[in-house]
Amino acid sequence: MSKAHVIGFGKSGVAAARLLRKEGWEVVLSDSANAHILASRNTSENFLHQQQELATLGITVKLGYSLDLNDFDLLQLIVVSPGVPWDIPLLVKARELGIETIGEMELAWRHLQTIPWVGITGTNGKTTTTALTAAIFQAAGFNAPACGNIGLAACEVALLPKHPDWIIAEFSSYQIESSNTVAPRIGVWTTFTPDHLARHKTLENYYNIKAKLLRQSQLQVFNGDDAYLSKIGASQWNNAYWTSVKGKEHLIGEKGFYIEDGWVVETRLIASLNVASLQEDERIVEVSALRMVGEHNQQNLLMSVAAARLAGIEKDAISQAIREFPGVPHRLEHICTWKNIDFINDSKATNYDAAEVGLASVQGPVILIAGGEAKAGDDTAWLAKIKAKAAVVLLIGSAAESFAKRLEEVGYDSYEIVETMENAVKRSPSLALTHQASVVLLSPACASFDQYPNFEARGDDFRALCVSRFLNAKDR
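Keep in mind that this is a model prediction, so the values were computed, not measured.

*Asks:* What's the story with the packing of helix 17 (residues 421-435) against helix 18 (residues 455-472) in this structure? I'm lost.
*Replies:* Axes are the key here: two packed helices are described by the angle between their axes and the distance separating the axes. At a minimum axis separation of 10 Å, helix 17 and helix 18 run at an interaxial angle of 40 degrees. Taken together, helix 17 and helix 18 sit at an angle that is classed as oblique. Seen from above, helix 17 lies across helix 18 with right-handed handedness. Mapping the contact onto sequence places Met421, Glu422, Val425, Lys426 and Pro429 in helix 17 and Arg458, Asp461, Phe462, Leu465, Cys466, Arg469 and Phe470 in helix 18. By residue class, the composition of the contact of helix 17 with helix 18 is 7 nonpolar, no polar and 5 charged.

Dropping the structure here:
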């Protein structure tokens, strides 16, 4: 029996192990974290049930364990979860020894490549675009689950009793890096700004990883309002479909999707007997149908509509899906209103660019909750937006001291170091009332790993604290 080793006891790793076992592999699933740490990231009951289920399937689980390649001649395949760096010595050595090493998305692709995929990537905006695209495809009657970096793990889709009509997959750079043959029918690139450089080292390397997914896609859609993508534009992607919220004159190339007079408009080339080609414009859906605020969400709307139209979906289904789309958790998610103050969860803003967009999308003045595990990147525009819109910044997590120093360096001293989310939520209402702020915004500009297992857990904590304090309590 062929032997496989799956690294990472998360959603992706567990799904990969189950899929391999179903295909007849002898599977070991390991994680360097011990059982206590892993149980703390889930509920103890769920964690125990998952272990029992895997044991029943005949999958060996090793926790607090790192793979040893001494028995490499007995191992044919290593599958890594997205959180495992692709260049760690273990994986480099495995590849040198000729052990096939792939990511969980690549494994899923090998089982699902006969189905058309929409592959969506980008520094920011990809989760909303993925969720909205899936909603449109589903409104059109397709069985089209969202998966990958959102929703189901891709291997979970491969385990479903009935394969879908389309797969709408969100790809992080980590997932693209470990997926050599994934070739979507439609590739979408939302934005590109410096991020994950601690892992990818250089901006060029980060760009090339993202670009690999688009190069392997049959059709490509790009956000033409993104400064970096538009700069390299037609020279590298001369046959792509481009989008712009700024109107037709800002489109790159002769085909794409733009906003004009409050409508999403598709422009395409049509054959003509007299000339090489003609442009034809068609209104698809009113922008006001989308309930989510901010220009960045209009960009997400354009790319989702583009993917749908390239898949042949009619306007009625697109309009219906957009009107009913509620948004995504942790991205400018409205939690509650207390004394005319809106509490908004933007926990998914894990870098400076996303946090700047979050601030730009809400009405000021704002009480901002920021901090966590700091990332490399240019904070200039974010700091400028804080000075323009934030009445007070409440700083949490390991970045609090360094953020305080940066704020002072740009002449901003209206901040408090409160350390924890609980302290921030407790402090925010009185500050909002004092400064007549209309919004308390969690938009951290940081990763979450100093205090939480992921940004979802951070956002869930903010939501729970707000609900407990402002909705469930009679008087605080």
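*Asks:* Teacher, can you tell me more about the side chain of Asp346 here?
*Replies:* Here Asp346 lies in the loop between strand 16 (341-345) and helix 14 (352-361). When sequence neighbours within four positions are dropped, the list of residues in contact with Asp346 reads His330, Arg331, Leu332, Ala354, Gly358, Leu441, Leu442, Ser443 and Pro444.

*Asks:* Looking at this structure, I do not really get the pairing of strand 12 (residues 256-260). What am I missing?
*Replies:* Where a strand is regular, its side chains alternate between the two sheet faces. In terms of residue burial, strand 12 counts as a mostly covered element, since 4 of its 5 residues are buried. In this sheet, strand 12 lies alongside strand 11 (residues 241-244) in parallel orientation, the contact comprising 3 bridges. Of the residues in strand 12, the one forming a bridge with Trp242 is Gly256. Pairing of strand 12 with strand 13 (residues 263-270) involves 5 bridges; the strand directions are antiparallel. Bridge assignment links Gly256 to a residue of strand 13, and that residue is Thr267. Linking strand 12 back to strand 13 in an antiparallel pair, the connection comprises 2 residues, with Asp261 at a positive phi of about 55 degrees.

*Asks:* In this structure, what is going on with the nonpolar core? I would like to understand it.
*Replies:* As a rule of thumb, soluble globular proteins bury nonpolar side chains together. Membership of the largest hydrophobic core comes to 54 residues, with the highest contact counts inside it found for Trp189 and Trp237. Not counting residues within four places of it along the chain, the set of residues in contact with Trp237 comprises Trp189, Tyr207, Ala211, Leu214, Arg215, Gln220, Phe222, Ile232 and Trp242. Core analysis: the next-biggest nonpolar cluster, separate from the first, contains 41 residues, Leu132, Tyr241, Met292 and Met303 among them.

*Asks:* Honestly, the packing of aromatic side chains in this entry has me stumped. Any pointers?
*Replies:* A complete count under the given rule lists 18 aromatic pairs for this structure. Considering the side-chain rings of Phe192 and Tyr207, the 5.5 Å spacing of their centres and the 85 degrees angle between planes classify their relative orientation as edge-to-face. You can see Phe192 sitting in the loop between strand 9 (186-189) and helix 9 (197-200) and its partner Tyr207 sitting in helix 10 (residues 203-215), a full 15 residues away along the chain. Neither residue differs from the other here; Phe192 and Tyr207 are each classed as buried. Relative to Trp237, the ring of Phe222 lies with its centre 4.8 Å away and its plane at 45 degrees, an arrangement referred to as tilted. Highlighted residues: Phe222 in strand 10 (residues 219-223) and Trp237 in the loop between helix 11 (227-236) and strand 11, separated in sequence by 15 residues. Given the relative accessible area of 7%, Trp237 is considered buried. Here the aromatic cluster, defined as three or more aromatic residues joined through ring pairs, consists of Trp189, Phe192, Tyr206, Tyr207, Phe222, Tyr228, Trp237 and Trp242. The ring of Trp86 has Arg95 sitting right over it, with the charged end atom 4.5 Å from the ring centre. The ring of Tyr241 has Lys255 lying over it, and the distance from NZ or CZ to the ring centre is 4.5 Å.

Rules behind the numbers
Within every chain, residues take consecutive numbers counted from 1 along the sequence as written. Only residues with pLDDT of at least 70 are given local features in this predicted model, and only at 80 or more are side-chain atom pairs given and counted; all residues enter the totals for whole chains, interfaces and linings. No hydrogens and no water enter the side-chain calculation; it runs on all heavy atoms of the structure. A fitted line through C-alpha atoms serves as each axis, taken over the contacting stretch for helices, and the angle formed by two N-to-C directions is quoted from 0 to 180°. Where helices and strands are cited, they refer to DSSP runs of H or I of at least four residues and of E of at least two residues respectively, numbered from the N terminus. Working rule for angles: under 35 degrees goes down as roughly parallel, over 145 as roughly antiparallel, 65 to 115 as roughly perpendicular, anything else as oblique. What makes a crossing left-handed is the near helix being turned counterclockwise from the far one by less than a right angle; a clockwise turn instead makes it right-handed. Here a residue-residue contact requires only that any non-hydrogen atoms of the pair lie within 4.5 Å. Amino acid classes used here: Ala, Val, Leu, Ile, Met, Phe, Trp, Tyr, Cys and Pro are nonpolar; Asp, Glu, Lys and Arg are charged; the rest, including Gly, are polar. Only protein chains enter the accessibility calculation, which uses a 1.4 Å probe; a residue is then buried when its area is under 20% of its type maximum, exposed when over 50%, and partly exposed in between. Strands were regarded as paired on the criterion that DSSP finds at least two bridges between them. Remark: nonpolar core denotes a set of buried residues (Ala, Val, Leu, Ile, Met, Phe, Trp, Tyr, Cys) joined through side-chain atoms within 4.5 Å. For this analysis, a ring pair means two rings from Phe, Tyr or Trp (six-membered ring only for Trp) whose centres lie within 6.5 Å, classed as stacked if their planes differ by under 30 degrees, edge-to-face if by over 60, and tilted for the remaining angles. Each ring is checked for a lysine NZ or an arginine CZ that lies within 6 Å of its centre and within 35 degrees of its normal; such an atom marks a charge sitting over the ring.

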